[in-house]
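Here is how the chains run, residue by residue.
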Amino acid sequence: MTRRAYRGVALIALIFLVVQVGALALVPTFFEQGYQTVEDPTDPTNSLLYIGAIIGMTAFMLAAFKYDLDQLIRLLIVFTSGVLAWYVFAAILPNTLAAIALSGAVALALLVYPEWYVIDVAGALMGAGAAGLFGISFGLLPALVLLSILAVYDAISVYKTKHMLDLAEGVMDLRIPVVLVIPTTLSYSLLDEDFSKDANDIGDEEEGERDDAESEEKDPADRDAFFIGLGDAVMPTVMVASAAFFSPAASLGIASLPALNLPALLAMVGTFLGLGALMWAVMKGRAHAGLPLLNGGAIGGYLVGSIISGVPIVAALGLAPYL
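Since we're looking at a predicted model, the values are computed, not measured.

Caption draft 1: Representation of the overall build of the chain in the model. Regarding its fold elements, the chain presents 12 helices and 2 strands. Ordered by position from N to C terminus, the α and β elements of the chain give α-α-α-α-α-α-α-β-α-β-α-α-α-α. A principal-axis box enclosing the C-alpha atoms of the chain has dimensions of 60 × 45 × 40 Å. With 323 residues in all, the chain has 46% of them scored as buried.

This is the structure in structure tokens:
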């Protein structure tokens, strides 16, 4: 792997770390402010409802791209970015007006100057806010169900139906924080990219010849930028946040992260092990489903941390209320 590729991987890891640490820091405040979104966070059917919402949103976005409603999607995501940024700023700032102003600035920046660093900052804020909200709303069993089903769904949608690849292609030109942008050179500019050029611009035969030539001439590690879905950062972090909030394991006593316990910490470690495996696979030159590795790493790390902490496996799986 080239030096520029290592820089890209390091930036991806940094964004993941910001999302996870941010979610851990927000969990206590979100709960105190009454942001728990479900009546019973231990009910596993909450996960099924959320998965249904994800599938429905995916179908809506694909239909919007088909009928040239791209800008509707862009405005919806920018608005969501502003709302989630407000949750984060309201939790860390004592002044409500300042929180509103900063969250509005995030949304405005996405609208008028969606350079890669604007998208990544907005994505990190969205990721930490969303994971923190889901973390206090999904108990241990619902979180495990959510991550497991989404890992299977991601694999099917990337390798079998391939509709997740179509969705990724559709959002690229919108320059919104659904996809994080990871440049490998300081000179890279997302604003200079033209993602609208696709198979409609050239003949199928010419495109095949171009793809063959590029695969022979350009190493994937030498690309100018990598792209990774924001959901790949958020979903394993839901396990981290849920473990920190719902696990009976003792806190590690870190003043700045009072919710952090060993199961949550090892869920973080597992996520990064999964991320390392994912990036190794991506360097081979093809698209890969991220959640099987990332969610699998988070779940595995969480379970190991629970066992080491002395949490009974029934309690770690969130099954105690049902036995």
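Caption draft 2: Spotlight on helix α6 (residues 140-160). End to end, α6 covers 29 Å across 21 residues, agreeing with the expected 30 Å (1.5 Å per residue, within 8%). Trailing α6 by a residue or two, Lys162 shows a phi angle of about 65°, which is positive.

Caption draft 3: Focus on the environment of Asp70. Relative to the helices and strands, Asp70 is located in helix α3 (residues 70-92). Owing to a relative accessible area of 24%, Asp70 belongs among the partly exposed residues under this scheme. Sequence separation between Asp70 and Gly318 is 248 residues, and the spatial gap between their C-alpha atoms is 41 Å. Contact partners of Asp70, with chain neighbours within four places excluded, come to Ala64, Phe65 and Leu174.

Caption draft 4: Fine view of the side chain of Arg175. Position of Arg175 among the secondary structure elements: in the loop between α7 (163-172) and β1 (179-183). For Arg175, a relative accessible area of 12% corresponds to the buried category. At 2.4 Å, the side chain of Arg175 and the backbone oxygen of Glu193 are in polar contact. Filtering out sequence-adjacent residues up to four positions away, Arg175 remains in contact with Arg74, Pro114, Ile119, Leu190, Leu191, Glu193, Asp194 and Phe195.

Criteria and cut-off values
Residues numbered from 1 in each chain as written. Predicted model: local features only at pLDDT ≥ 70, side-chain atom pairs only at ≥ 80, totals over all residues. Heavy atoms only, no water. Helix = DSSP H or I, 4+ residues; strand = E, 2+ residues; numbered from the N terminus. Buried < 20%, exposed > 50% of the residue type's maximum accessible area, 1.4 Å probe, protein only. Expected span 1.5 Å × (residues − 1). Contact = heavy atoms within 4.5 Å. Polar contact = N/O pair within 3.5 Å; in protein donor to acceptor, adjacent residues only side chain to side chain.

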